[in-house]
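# Examination of the molecular architecture
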Amino acid sequence: MRHPCAWPLPLVDELYLFGSYARGALEPHDVDVAVDFHRDERMPQLEVASNFSGPTPPHSELRRQLAGRRRGIQFRFDTALRRQLESVGMPMLRLWRRGDSLQHP
């Protein structure tokens with residue numbers, strides 16, 4: 001049986017880099033990535049599965065698929081928060097948008 005969390009990566013619409021790393025800090029402590037995603041009918045399955053798997057947030061599987069086990073990457077899964085940060089002048093560097101190639105030019 002396929003794990004209900006094996007699918008969330010196709011829900012990602014856009015990825016943005018922000019924070020100290022995006023501003024070009026000489027010694028950033030972590031990389032901040034804003035993730036815009038959409039919900040589908042499987043999203044409640046992901047949320048229920050995360051509730052029964054211990055103290056993991058509902059986006060933990062999506063985070064794992066985006067970053068693997070690397071530390072130092074902070075994900076924000078809140079489009080409204082990203083837009084609010086943009087509105088107050090926080091630079092957001094779009095890394096990827098659905099339809100963009102994942103191959104380096």
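Look up: the structure comes first, before these words.
Every chain is numbered on its own, with residues counted from 1 as its sequence reads. Totals for whole chains, interfaces and linings use every residue, but because this is a predicted model, local features are given only for residues with pLDDT of at least 70 and side-chain atom pairs only at 80 or more, for both listing and counting. For the side-chain quantities, the full set of heavy atoms in the structure was used; hydrogens and water were omitted.

Attention shifts here to the nonpolar core. If you look at the biggest cluster of nonpolar residues, it comprises 13 residues, and the most contacted ones within it are Val12, Leu15, Val33, Val35, Ile73, Phe75 and Phe77. Listing elements by their share of this core, those giving two or more residues are β1 (12–18), β2 (31–37), α3 (60–67) and β3 (73–76). Working definition: helices are DSSP H or I runs of at least four residues, strands are E runs of at least two. Numbering for both runs from the N terminus. Tallying contributions element by element places β2 first for this core, with 3 residues. Once residues within four sequence positions are removed from consideration, Ile73 is found in contact with Val31, Val33, Arg63 and Ala67. By nonpolar core we mean a set of buried residues, namely Ala, Val, Leu, Ile, Met, Phe, Trp, Tyr and Cys, connected to one another through side-chain atoms within 4.5 Å. Three labels apply to residues, based on accessible area from a 1.4 Å probe with only protein chains included: buried if under 20% of the type maximum, exposed if over 50%, partly exposed otherwise in between. What makes two residues a contact is simply this: any of their non-hydrogen atoms within 4.5 Å.

Here we take up the pairing of β1. Working note: regular strand, side chains alternate between the two faces of the sheet. Summarising burial for β1: 6 of the 7 residues are buried, a large majority. At least two DSSP bridges between two strands are required for those strands to pair. Of the strand pairs in this sheet, β1 and β2 are connected by 6 bridges, and their pairing is antiparallel. Across the sheet, residue Phe18 finds its bridge partner in β2, namely Asp32. Bridge count for β1 against strand β4 (residues 93–97) is 4 bridges, and the pairing is antiparallel. For Leu17, the partnering residue across the bridge sits in β4 and is Leu93.

Residue position: Ser20 is located in helix α1 (residues 20–23). You can call Ser20 buried: its relative accessible area is 17%. Dropping the residues within four chain positions of it, Ser20 is found in contact with Ala25, Pro28, His29, Asp30 and Asp32.

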